[in-house]
Number of protein chains: 2
Amino acid sequence: MSRVRLVEVAREAGVHPATASRALNPNARGEVNQRTVQRVMRAAERLGYVPNTLARGLRTSRSFVAALVIPDITNSLFPPIVRGAEQVLSGAGFTLVLTDTNNDLEMERGQVASMRAHGVDGFIVATARWQDPVVDELVSAGIPTVLVNRRCREASLPFVGSDDQRGVRLCVEHLAALGHREIVHLAGPADTSTGRERAVAFRAALREHRIPVRSSVIECAAYSEAAGVEAAQRLLAGGRPFSAIVAANDLLALGAMATLGEAGLRCPQDYSLTGFNDLPFMRKLTPALTTVAVPLTEMGAAAARTLLEWIATSGEAARPAQSLLPVELVVRATTGPAPA
Amino acid sequence: MSRVRLVEVAREAGVHPATASRALNPNARGEVNQRTVQRVMRAAERLGYVPNTLARGLRTSRSFVAALVIPDITNSLFPPIVRGAEQVLSGAGFTLVLTDTNNDLEMERGQVASMRAHGVDGFIVATARWQDPVVDELVSAGIPTVLVNRRCREASLPFVGSDDQRGVRLCVEHLAALGHREIVHLAGPADTSTGRERAVAFRAALREHRIPVRSSVIECAAYSEAAGVEAAQRLLAGGRPFSAIVAANDLLALGAMATLGEAGLRCPQDYSLTGFNDLPFMRKLTPALTTVAVPLTEMGAAAARTLLEWIATSGEAARPAQSLLPVELVVRATTGPAPA
DNA sequence: GTGAAAGCGCTAACAC
DNA sequence: GTGTTAGCGCTTTCAC
């Protein structure tokens with residue numbers, strides 16, 4: 001809590017609190033005499049005045065706080081998004097409140113309620129499920145909300161993500177060019193837009209390359225190494241021949257590689273493998289992972305900019321802009337020519 | 001901003017706002033008739049009442065918000081700390097505001113001021129410099145503040161960190177047992193407690209093992225791979241013979257390994273290497289990094305608990321407890337017998 | 001056990 | 001250009 005109040009600054013400067021308030025507020029400063037402004041600012045400086053944003057917020061119903069909802073901050077995918085968002089937000093004088101929901105819907109619900117109680121001006125949500133009751137609540141409450149990374153089924157909110165379709169197509173093209181014809185997809189969970197859309201893009205890409213779409217999609221329960229392990233076990237058990245795997249993200253790829261390695265399959269000699277996201281240490285692994293690089297920091301920044309814009313123009317109807325950031329295939333050691 | 005106000009709940013329940021307030025407040029609930037409590041809670045539920053924490057905070061000068069100051073969220077060291085802190089905080093009904101200072105003092109100063117303006121109840125600081133003006137301000141303002149991971153010179157605040165001395169000693173012991181006698185330390189920056197204390201511990205450990213402490217400490221400008229690269233270049237240029245390197249953290253170790261590799265030195269055949277922190281993918285590298293595992297999530301959680309305790313007992317004098325969490329040496333492939 | 005009244009620190013109409 | 005007044009939504013003495 002701030003110690004010295006506006007009244008005291010006003011007294012020190014020999015003016016009325018309202019005048020001091022105007023002098024300190026950049027927007028209202030014009031209505032005040034230059035010399036008075038000086039006097040007030042001096043007094044504020046001298047007393048070490050820190051304005052009480054709560055009181056201001058109570059009066060103006062603006063808090064200059066934005067909330068960011070993350071499923072798991074220890075997943076390296078999210079820190080860059082947080083960073084991008086924080087940079088933009090703090091640059092605009094906003095404070096970021098963060099919650100890590102641990103992928104738990106009830107936790108998320110509680111945290112979002114608590115943040116609303118704190119009067120946050122808007123939300124950036126990175127946890128969106130394909131059908132998401134929490135997001136629905138935000139929508140119907142009319143709170144400025146931007147979806148990042150994952151979106152919901154109905155496109156009623158602005159969304160900033162990556163061009164997943166292109167990313168997956170680049171993977172398939174690359175593998176096809178290497179001669180692969182037996183390509184399998186380790187799909188992300190069906191309750192995420194990324195899981196669904198990457199799978200759709202995968203099937204489409206196979207068709208483009210006239211590769212029959214057989215039982216070539218294996219859905220994973222989560223975006224984790226453990227889920228990748230489990231999926232690879234199913235793949236092996238299924239007996240379906242394959243020479244390449246397109247994993248829906250890097251973690252799944254890593255889990256799969258570990259399991260297949262234990263089964264005696266070497267990458268890239270016996271099979272090729274691609275990931276998605278290009279997490280920090282992927283290029284340091286042996287073999288280094290071929291994957292799709294996504295501009296994560298920019299994604300967070302763009303989401304924050306979109307949110308700020310919405311907040312600033314709160315009068316107008318919010319038109320849900322969907323923005324897909326460009327991705328890039330990074331070819332490394334896990335992809336090679338198809339075995340003869 | 002919350003829509004429905006307490007007055008409306010009160011009207012709906014047919015009671016005075018003050019009564020509704022008491023009924024909704026767990027601490028004051030006892031003063032109200034059981035049946036009235038029921039009636040009010042029903043009404044609140046029905047109307048979807050979300051209390052306005054700002055207004056409450058204005059009245060009680062408590063915000064139930066804690067701030068976490070992080071130097072760089074994209075450094076994998078910090079996400080687990082954030083997660084641990086967030087879990088404890090949200091479990092206690094607190095909200096976490098996060099700032100990523102990008103290691104920039106001015107940025108930090110501004111963000112801390114802004115958070116103070118928002119009336120946060122306390123700070124967890126992971127950016128502490130050995131001499132830190134921002135922390136000093138927090139101290140003299142009497143705001144509950146806990147240092148995590150890094151501490152300041154004067155121990156005037158509670159601190160939760162890792163047992164660095166033990167960690168470094170374990171590294172040196174391990175290397176000495178493998179026959180290494182020419183051990184070099186890549187020290188962290190001198191403006192961090194970890195940099196200083198690990199270096200001190202290193203020298204002490206050498207002495208314990210009767211290894212002469214020559215020009216065996218190279219200070220790095222930052223805790224980054226780039227700084228590790230640069231330090232390794234200086235090491236090579238200096239011409240000092242070495243068979244093992246104790247790096248002050250994993251990133252420095254990685255940078256050094258890359259540079260030494262380019263110079264034709266193989267790890268662990270030509271030299272051994274240890275890191276510190278055991279970041280997520282260290283065990284997946286080739287060779288996998290021998291390093292010191294630190295309970296990072298627990299560190300964040302412990303810091304949060306310490307802060308909450310301070311906030312709860314704000315009347316009493318805060319006694320700065322320094323708590324060092326146990327560490328563990330994880331032996332992997334980067335350490336081997338000393339070359340003959 | 002419940003109502004009345006005051007006020008947390010600030011800002012926005014409205015006067016002058 | 002500056003002072004006056006009222007009130008954001010809530011809690012908390014103090015009466016009753």
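Rules and cut-offs
Each residue is numbered by its place in its chain's sequence as written, counting from 1. All chains are assigned letters beginning with A, and all ligands numbers beginning with 1, in the order in which they are written. With the structure being a predicted model, the display of local features is reserved for residues of pLDDT at least 70 and the display and counting of side-chain atom pairs for 80 or more, all residues being used for whole-chain, interface and lining totals. Side-chain numbers here rest on the full set of heavy atoms in the structure, without hydrogens or water. Segments assigned H or I by DSSP are reported as helices when at least four residues long, segments assigned E as strands when at least two residues long, and all are numbered from the N terminus. Only C-alpha atoms enter the radius of gyration, while the globule expectation follows 2.2 Å times N to the 0.38, with N the number of residues. When accessible area is computed with a 1.4 Å probe and restricted to protein chains, residues below 20% of their type maximum are described as buried, those above 50% as exposed, and intermediate ones as partly exposed. When we say a residue is near a molecule or strand, we mean one of its heavy atoms is within 4 Å of it. Here a polar contact is taken to be a pair of N or O atoms separated by no more than 3.5 Å, where protein atoms must pair a possible hydrogen donor with a possible acceptor and residues adjacent in sequence count only if both atoms sit in side chains. Throughout, the ten residues Ala, Val, Leu, Ile, Met, Phe, Trp, Tyr, Cys and Pro are labelled nonpolar, Asp, Glu, Lys and Arg are labelled charged, and all others, Gly among them, are labelled polar. Note on pairing: two strands pair once DSSP finds at least 2 bridges between them. By the criterion used throughout, a crossover qualifies as right-handed when its path from the first strand across the helix to the second strand runs clockwise, the strands pointing away from the viewer. How far each domain reaches was decided by an automatic or database domain assignment. UniProt positions are given in the numbering used here, feature names are shortened, and annotations may be inferred rather than shown by experiment. Contacts were defined at the residue level, with two residues in contact if any of their heavy atoms lie within 4.5 Å. Least-squares superposition aligns the copies on the C-alpha atoms of those residues with pLDDT at or above 70 in both. As used here, buried area is the combined drop in accessible area, with a 1.4 Å probe, of two parts when they are placed together. Only one rule defines a salt bridge in this text: a Lys or Arg side-chain nitrogen within 4 Å of an Asp or Glu carboxyl oxygen. Aromatic rings from Phe, Tyr and Trp, with only the six-membered ring used for Trp, were paired whenever their centres fell within 6.5 Å, and each pair was classed as stacked if the ring planes differed by under 30 degrees, edge-to-face if by over 60, and tilted otherwise. Remark: a charge is flagged as sitting over a ring if the NZ atom of Lys or the CZ atom of Arg is within 6 Å of the ring centre and within 35 degrees of the ring normal. Axis angles are defined between N-to-C directions and span 0 to 180 degrees, where every axis is a line fitted to C-alpha atoms and, for a helix, only to the segment in contact. What sets the label is the angle itself: under 35 degrees gives roughly parallel, over 145 gives roughly antiparallel, 65 to 115 gives roughly perpendicular, and the rest give oblique. Take the far helix as the reference: if the near one is turned anticlockwise from it by less than a right angle, the crossing is left-handed, and if turned clockwise, right-handed.

- Chain A has the name LacI family transcriptional regulator in an unreviewed UniProt entry, where Jatrophihabitans telluris is given as its organism.

Topic: the overall build of chain A
Working step 1: Along the backbone of chain A there are 12 helices and 12 strands.
Working step 2: Computed over its C-alpha atoms, the radius of gyration of chain A comes to 25 Å, more than 25% above the 20 Å expected for a compact globule of 340 residues.
Working step 3: A principal-axis box enclosing the C-alpha atoms of chain A has dimensions of 90 × 40 × 30 Å.
Working step 4: Taken over 340 residues, chain A has a buried fraction of 55%.

Re the protein's contact with DNA strand D
Working step 1: Neighbouring residues of DNA strand D: 23 residues in total, closest His-16 and Arg-59 of chain A together with Leu-6, Tyr-49 and Arg-59 of chain B.
Working step 2: In DNA strand D, the atoms that sit within 4 Å of the protein are 62% sugar and phosphate, with bases accounting for the remainder.
Working step 3: For DNA strand D, a phosphate oxygen lies 2.5 Å from a polar atom in the backbone of Leu-6 of chain B.
Working step 4: At 2.8 Å, a side-chain N or O of Ser-21 of chain B approaches a phosphate oxygen of DNA strand D.
Working step 5: Going through the elements one at a time, helix H2 (17–24) and helix H4 (53–60) of chain A together with helix H2 (17–24) and helix H4 (53–60) of chain B are the ones with two or more residues in the surface near DNA strand D.

Considerations on the protein's contact with DNA strand C
Working step 1: As a matter of local geometry, DNA strand C sits amid 23 residues, with Leu-6, Tyr-49 and Arg-59 of chain A together with Thr-19 and Thr-36 of chain B nearest to it.
Working step 2: What you see for DNA strand C is that sugar and phosphate hold 65% of its atoms within 4 Å of the protein.
Working step 3: Within the side chain of Thr-36 of chain B, an N or O atom sits 2.6 Å from a phosphate oxygen of DNA strand C.
Working step 4: For the surface near DNA strand C, the secondary structure elements donating two or more residues are H2 and H4 of chain A together with H2 and H4 of chain B.
Working step 5: Classifying every residue of the surface near DNA strand C by side-chain character gives nine nonpolar, seven polar and seven charged.

Focus: the pairing of strand E1 (residues 65–70) of chain A
Residues and elements named next belong to chain A.
Working step 1: The element E1 is extensively covered by neighbouring structure, given that six of its six residues are classed as buried.
Working step 2: Burial along E1 is two-sided: Val-65, Ala-67 and Val-69 facing one way and Ala-66, Leu-68 and Ile-70 facing the other are all buried.
Working step 3: The sheet contact formed by E1 and strand E2 (residues 95–100) spans six bridges and is parallel. Its bridge partner being in E2, Ala-67 is matched across the sheet by Val-97.
Working step 4: As a crossover connection, the stretch from E1 through helix H5 (residues 78–91) into E2 is right-handed.

Some remarks on the domain arrangement of chain A
Working step 1: Domains assigned within chain A are domain 1 (6–51), domain 2 (60–161 + 296–324) and domain 3 (164–294).
Working step 2: A separation of 62 Å is found between the C-alpha centroids of domain 1 of chain A and domain 3 of chain A.

Section: the UniProt feature "domain: HTH lacI-type" (unreviewed entry) in chain A
Working step 1: According to UniProt, the feature "domain: HTH lacI-type" (unreviewed entry) maps to residues 4–60 of chain A in the numbering used here.
Working step 2: Overall, residues 4–60 of chain A shows 67% helix and 0% strand. The separation of its end C-alpha atoms is 21 Å.

Thoughts on the environment of Ile-70 of chain B
Working step 1: With respect to the helices and strands, Ile-70 of chain B occurs in strand E1 (residues 65–70).
Working step 2: For the pair Ile-70 of chain B and Trp-310 of chain B, spaced 240 residues apart in sequence, the C-alpha separation works out to 21 Å.

Considerations on the side chain of Asn-149 of chain B
Working step 1: Note that Asn-149 of chain B resides in the loop between strand E4 (145–148) and strand E5 (159–162).
Working step 2: Apart from residues lying up to four places away in sequence, Asn-149 of chain B is in contact with Leu-77, Phe-78, Ile-81, Phe-159, Val-160, Gly-161, Ser-193, Thr-194 and Met-299 of chain B.

Some words on the relation of the copies chain B and chain A
Working step 1: You can overlay chain B on chain A at an RMSD of 0.1 Å; the transform is a turn of 180 degrees with a shift of 0.1 Å along its axis. Each copy turns onto its partner about a two-fold axis. Distance from the rotation axis, computed per C-alpha, reaches its smallest value in chain B at Val-97 of chain B: 2.0 Å.
Working step 2: Both copies share a contact surface, since 100% of the interface residues of chain B are interface residues in chain A too.

A short note on the interface of chain B and chain A
Working step 1: Opposite the 50 residues of chain B that make contact, chain A presents 50 residues.
Working step 2: A buried area of about 4,400 Å², summed over both sides, lies between chain B and chain A, and 60% of it is on carbon and sulfur atoms.
Working step 3: In this assembly, chain B and chain A are joined by six salt bridges.
Working step 4: One salt bridge connects Arg-83 of chain A with Asp-100 of chain B, and the closest N-O pair in it is separated by 2.9 Å.
Working step 5: At the junction of chain B with chain A, the criterion picks out 21 residue pairs in polar contact (both at pLDDT 80 or more).
Working step 6: Among the elements of the structure, H4, helix H5 (78–91), strand E2 (95–100), helix H6 (105–117) and helix H11 (250–262) of chain B are those that each provide at least two residues to the side of chain B that touches chain A.

A word on the packing of aromatic side chains
Working step 1: Under the definition given, this model contains five aromatic pairs over all chains.
Working step 2: Ring geometry for Phe-242 of chain B against Tyr-271 of chain B: centres 6.3 Å apart, planes inclined by 70 degrees, an arrangement best described as edge-to-face. In this pair, Phe-242 of chain B sits in the loop between helix H10 (225–238) and strand E8 (244–247) while Tyr-271 of chain B sits in the loop between H11 and strand E9 (272–274), placing the two residues 29 residues apart along the sequence. The two residues Phe-242 of chain B and Tyr-271 of chain B agree in class, both being buried.
Working step 3: Seen from the ring of Phe-64 of chain A, Arg-62 of chain A lies directly overhead, with NZ or CZ sitting 4.6 Å from the centre.

Here's the deal with the pattern of salt bridges
Working step 1: Here the structure, examined in full by the defined rule, presents 36 salt bridges over all chains.
Working step 2: Ionic pairing is found between Glu-12 of chain B and Arg-46 of chain B, a salt bridge with its closest N-O pair at 3.0 Å. Of the two residues, Glu-12 of chain B is situated in helix H1 (residues 6–13) and Arg-46 of chain B in helix H3 (residues 34–47); the sequence distance between them amounts to 34 residues.
Working step 3: Residues participating in the shared-partner salt-bridge network are Asp-72 and Asp-100 of chain A together with Arg-83 of chain B.

Comments concerning the packing of H5 of chain B against helix H12 (residues 296–312) of chain B
Residue and element names in this part refer to chain B.
Working step 1: With their axes 6 Å apart at the nearest point, H5 and H12 run at an angle of 40 degrees to one another. Relative to H12, the element H5 is oriented oblique. Considering only the axes of H5 and H12, their crossing is right-handed. When H5 is examined against H12, the residues Pro-80, Ile-81, Arg-83, Gly-84, Ala-85, Val-88 and Leu-89 are found in contact with a partner set consisting of Leu-296, Thr-297, Met-299, Gly-300, Ala-301, Ala-304, Arg-305 and Leu-308.
Working step 2: Looking at the contact of H5 with H12 residue by residue, the class counts come to 10 nonpolar, three polar and two charged.

Focus on the sheet that holds strand E5 (residues 159–162) of chain A
Working step 1: The strand order across the open sheet built from 12 strands is E11(A)-E5(A)-E4(A)-E3(A)-E1(A)-E2(A)-E2(B)-E1(B)-E3(B)-E4(B)-E5(B)-E11(B), with neighbouring strands paired in mixed fashion. The open sheet terminates on both sides in strands that have one partner only, identified here as strand E11 (322–325) of chain A together with strand E11 (322–325) of chain B. Each adjacent strand pair in this sheet contributes to an overall mean axis angle of 20 degrees, direction not counted.

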